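Commentary on secondary and tertiary structure
Here is how the chains run, residue by residue.
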Amino acid sequence: MISEIVRYNKEILGLNRRNQEYVRPFNSASSKEIADNKIFTKRLLKKELIQTPEVYKLIRTKKQLQFLDWESLPKSFVIKPNQGTGGNGIIVFYGKKKGKMEWIRPNGTTMNQRDILLHIENILEGRFSMGSRNDIAIIEERIKTDPLLKQYSYRGVPDIRIICFNQVPVMAMLRLPTKKSNGTANLHSGAICTGIDIGTGITTYSMHMKPNSLLSDTYELIDSTVDLLENKPLSGIQIPFWNDLLEIALKCQKASGLGYIGVDIALDAEKGPVVFEINARPGLGIQVANQAGLRWRLEKIKDVKIKSIKHGIRVAKNLFGGEIEESIEAISGRKVLNITEKVYIYDKSADLAKLEKYKDTKRELVKATMDTGILTSRIDSKLANRIGYIQAHKYFTKFGIPQKFNNFTDAQAYIDTNGKEICLNSDIKRLAKIVEDGEIKIRPVFSIPIKISDKIVITDFVSTQSSDSLYPITIGRSDLTGYLIDTSNTF
Amino acid sequence: MFETSKLTEWLLGSGVSQTILELLIALCIVSTIVSIARYVVGNKTYGIYAPIILAIAYSYTGLRYGLVITFVVLFTSLLSYSILRRIRMHYITRIATNYTILSIVLILFLIVINTFGFGLTNMSNISPLAFISIAALSDFFIKQYDKKSLKGSALILFGTILVAVVGWFVISRDLISDYVLNNLWIIPLLVVINILLGMFKGLRIKDYFRFRLSSREENDK
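Cut-offs applied
- Residues numbered from 1 in each chain as written.
- Chains lettered and ligands numbered in written order.
- Predicted model: local features only at pLDDT ≥ 70, side-chain atom pairs only at ≥ 80, totals over all residues.
- Helix = DSSP H or I, 4+ residues; strand = E, 2+ residues; numbered from the N terminus.
- Buried ≥ 20, exposed ≤ 12 C-beta atoms within 10 Å, placed from the backbone.
- Contact = placed C-beta atoms within 7 Å.
- Core = buried A, V, L, I, M, F, W, Y, C linked by C-beta atoms within 7 Å.
- pLDDT = per-residue confidence, 0-100.
- Nonpolar A, V, L, I, M, F, W, Y, C, P; charged D, E, K, R; others polar.
- Arc of directions from axis to C-beta.
- Pairing = 2+ DSSP bridges.
- Axes fitted to C-alpha atoms, helices over the stretch in contact; angles between N-to-C directions.
- Domains from an automatic or database assignment.
- Parallel < 35°, antiparallel > 145°, perpendicular 65-115°, else oblique.
- Left-handed = near helix turned anticlockwise from the far one by under 90°.

**Brief notes about the overall build of chain A**
Counting its secondary structure elements, chain A contains 15 helices and 23 strands. Each principal axis of the C-alpha distribution contributes one length, and for chain A these read about 90 × 50 × 45 Å. Here chain A holds 491 residues, and 43% of them are scored as buried. Pairs at least 24 apart in sequence give 64% of the contacts found in chain A among residues at least 6 apart.

**What about the nonpolar core?**
Ranked by internal contacts, the top residues of the largest apolar core, which has 70 residues, are A:Ile162, A:Cys164, A:Val170, A:Ala249 and A:Ile265. No other element matches strand β9 (residues 168-176) of chain A, which puts 7 residues into this core. Ignoring anything within four residues of it in the chain, the contact list for A:Ile265 reads A:Asp159, A:Ile160, A:Ile162, A:Leu245, A:Ile248, A:Ala249, A:Pro273, A:Val274, A:Val275 and A:Phe276. Grouped together as the second largest cluster of nonpolar side chains are 39 residues, B:Val30, B:Ile33, B:Ala55 and B:Tyr81 included.

**Here we look at the environment of A:Ala289**
Residue and element names in this part refer to chain A. Topologically, Ala289 is positioned in helix α9 (residues 286-290). Classification of Ala289 by C-beta neighbours within 10 Å gives buried; the count is 27. The residues contacting Ala289, other than those within four sequence positions of it, are Met173, Cys193, Thr194, Gly195, Tyr205, Ser206 and Met207.

**Focus: the confidence of the model for chain A**
All names here are of chain A. Scored by pLDDT, chain A has a mean of 85; 92% of the residues are at 70 or more. When pLDDT is averaged over each element of chain A, strand β8 (residues 159-165) comes out on top at 95 and helix α12 (residues 328-331) at the bottom at 38. In the predicted structure, residues 323-334 sits below a pLDDT of 50 and forms 23 contacts with residues beyond four places in sequence or in another chain.

**Focus: the interface of chain B and chain A**
Across the contact, 23 residues belong to chain B and 35 residues belong to chain A. Breaking the side of chain B that touches chain A down by element, the ones donating at least two residues are α8 (150-171) and α11 (205-210) of chain B. Considering each element in turn, the side of chain B that touches chain A owes the most residues, 4 residues, to α11(B). Considered class by class, the residues forming the side of chain B that touches chain A number 9 nonpolar, 4 polar and 10 charged.

**A closer look at helix α4 (residues 38-47) of chain A**
Residue and element names in this part refer to chain A. Inspection of α4 places Lys38, Thr41 and Leu45 among the buried residues, and these make up the whole buried set. The buried side chains of α4 occupy one side of the element, clustering within an arc of 55 degrees when seen end-on. Facing away from the buried side of α4 by over 90 degrees, the exposed positions are Arg43, Lys46 and Lys47. Those residues of α4 that are buried are in contact with α3 (29-35), β2 (77-81), β7 (137-141), α8 (242-256) and β14 (272-279).

**Let's talk about the confidence of the model for chain B**
All names here are of chain B. Averaged over chain B, the pLDDT score is 87; the fraction of residues at 70 or greater is 95%. Taking the mean pLDDT of every element in chain B, the minimum, 84, falls on helix α7 (residues 137-147) and the maximum, 94, on helix α10 (residues 186-199). Taken together, the stretch residues 215-221 has pLDDT below 50 and engages in 13 contacts with residues farther than four places along the chain or on a different chain.

**Considerations on the sheet that holds strand β10 (residues 192-196) of chain A**
Residues and elements named next belong to chain A. Read from one edge to the other, the open sheet built from 7 strands follows the order β12-β11-β10-β9-β8-β13-β14, with strand pairing classed as antiparallel. Edge positions in the open sheet fall to β12 (219-222) and β14, since each of these has one partner strand only. Taken pair by pair, the neighbouring strands of this sheet meet at an average axis angle of 30 degrees, ignoring direction. By the bridge criterion, 7 bridges tie β8 to β9 in an arrangement that is antiparallel. Residue pairing for β9: Cys164 is matched across the bridge by Pro169. α8 contacts β8, β9, β13 (260-268) and β14 of the sheet and is inclined by roughly 135 degrees relative to β13.

**Structural notes on the pairing of strand β21 (residues 455-464) of chain A**
Residue and element names in this part refer to chain A. Two elements, strand β18 (residues 377-380) and β21, share 4 bridges in a ladder whose sense is parallel. Opposite Arg378, over in β21, you have Val462 as the bridge partner. The pairing of strand β20 (residues 439-452) with β21 spans 8 bridges and is classified as antiparallel. Residue pairing in the sheet places Ile450 in a bridge with Val457 of β21. Adjacent in sequence and paired antiparallel, β20 and β21 are bridged by 2 residues, among which Ser453 carries a positive phi angle near 50 degrees.

**Some thoughts on the domain arrangement of chain B**
Residue and element names in this part refer to chain B. The domain architecture assigned to chain B consists of domain 1 (1-42 + 173-211) and domain 2 (47-171). Each of domain 1 and domain 2 has a C-alpha centre, and these two points are 25 Å apart. Contact with domain 1, which involves 12 residues of that partner, is made by 11 residues of domain 2. Elements with a minimum of two residues in the side of domain 1 that touches domain 2: α2 (18-41) and α9 (174-182). Taken together, the residues of the side of domain 1 that touches domain 2 sort by class into 9 nonpolar, 2 polar and 1 charged.

**Digging into the domain arrangement of chain A**
Residues and elements named next belong to chain A. On domain assignment, one finds that chain A holds domain 1 (2-49 + 145-323), domain 2 (55-141) and domain 3 (336-486). Using C-alpha coordinates to define each centre, domain 1 is positioned 26 Å away from domain 2. Taken together, the contacts link 15 residues of domain 1 with 16 residues of domain 2. Looking at side-chain class alone, the side of domain 1 that touches domain 2 contains 2 nonpolar, 8 polar and 5 charged residues.

**Observations regarding the packing of α2(B) against α10(B)**
Residues and elements named next belong to chain B. Closest axis-to-axis distance for the α2/α10 pair is 10 Å, and the angle between their directions is 20 degrees. In terms of orientation, α2 lies roughly parallel with respect to α10. Regarding α2 and α10, the two cross each other, and that crossing is left-handed. Together, Cys28, Thr32, Ser35, Ile36 and Tyr39 of α2 and Ile187, Leu190, Ile193, Asn194 and Leu197 of α10 make up the contact between the two elements.

**Brief notes about helix α6 (residues 128-135) of chain B**
Those residues of α6(B) that sit buried are B:Ala130, B:Ser133, B:Ile134 and B:Ala135. Buried residues along α6(B) sit against α3 (49-61), α4 (63-86), α5 (91-116) and α7 of chain B.

**Structural notes on unusual backbone geometry**
Residue and element names in this part refer to chain A. Residues other than glycine seldom take positive phi values, yet Asn166 does so here, at roughly 55 degrees. One non-glycine residue, Gln167, lies in positive phi territory at about 65 degrees. Looking at the secondary structure, you find Gln167 in the loop between β8 and β9.

As structure tokens, this is what we get:
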């Protein structure tokens, strides 16, 4: 319990530390003023040639509202308060009713001219704004969502939030509107958030606010979309224009002067990446979506000198891509592994004491591939049998574990029920749930010594029976700490 | 109970009434409780003003009476505002109408209590200011309800009442108020505690639950 609290404190960024250590010292009052004002932000980004949604109308006074030319508005548009917070006051209109002055919202309800006027009046009176100050209403274009992301969102516009610090993109997530969120991509309104691997731009874990929870701000991990006609799995989506998105986020950071920033970018089907807004106090739920803490990431890059945007992206990919927990020293290029390496794997009967002295130990030279996409390293079960784990495999097989599971939750439930008994065999360290040949399976984990890059390490290996692996050993990111992977050299 | 300190004696003899002094001490204590609740526990309240006023009001009404009035205020506000929401009208006029309805209901409530008792026979002796202070909670509740959601507002309301009850419990203990009244050095100590809380960077208790990460050891993807 105490060790868990200490671990959490080291890994996770809480609201207190975010405000004290990152927002206050790195975000000046003038920069925050720009971020909190959508019109200022648009002007600033325009100068940097960064695309933002086109503004149709700016309504500053009730008089301007009185003379609003309704006919000139397109069928779909968005109304936003200029200084709104947390998605409050944003209304998305998806279409217009034929022959009527009524506009359709993503949940199917309509608003007529009078309703919209009243909403804009409320915006002008500052009902949705920080400090309830008088505000400006923005009527802007509704982004036409990229077809790839469109299939995962319930109408509305999905966006990608990238948190940057010290000119390095630190963490990212995809926010998908749901029926509950009514077209907005705001987590608190009910949108789904999916973590994105910084290195590849591929989605990882997903979560949303727990429905029917008595507590506020409680999240729940989910595997697929929740309210589409045909729900789709959320992990493994390759975000288009990933490198461009990282570059745009860093450009926004540079232009705004915010040291710690959250940049919200949508993907328009025609225009490509379009920046929605920049945020000086981005929320911390992104950690749950990525199942990773922000604090250690921010601390790693606090004192790194970033020379350019490209350098920032490179550092992010090396450090946080695939969640490689390596040290900053390693980035300087001292420990580099090729994508495939030859490693020695030691026999089960090998004496550990002798192993340390490199004497007469039974070992085999095998090809291994480095894969940051998996956490724990993997070994082909045939090789594991060869080096002495045949009895352990026989013991494992006799339990008749199902060949596949529908989801990770079922697999975990199986492990929780039967894991202890199966792990009674001294060779089986634990059970792991893995995706193998596209199916979720439970496999045993063995602790096996290997020699990699002139270093002997006792490594946890998941024994697999995958048919499509070219190499008997795959080294996962748990064992790649302190290494850089050079993809250009193979032997 | 405690020997009156020289500083307290001097203050009381220098135009500061005991009631004012007690109230100001209560203000310091409850505001510190709000700070702890916010930055250590992670409990959201309607700002700092609402829980302080509520705790002090409860100390005048007594917790039972205070909670009954709170319930009537909130129930009426919720009901009247839910109806008013459906009418197309300006925001401030809606709030004003809500207050008017609330006043009418509170008068009816006092008449009903006077007629039937319901175990609240002392209601007529309650300080009018304490009564009005609790009624003001309606504004905080409705504003939040209007800006966010009923659930969101209700959760913050719960947090506010919880902190106010803790505050009430602390300031209504004779032992505590007597002790602090005669040991005024505690007030600068509260300043120090608040400064330290202001610099606290650790995780709030709520953060541990909010940002709970599943054991990555076991999630082998």
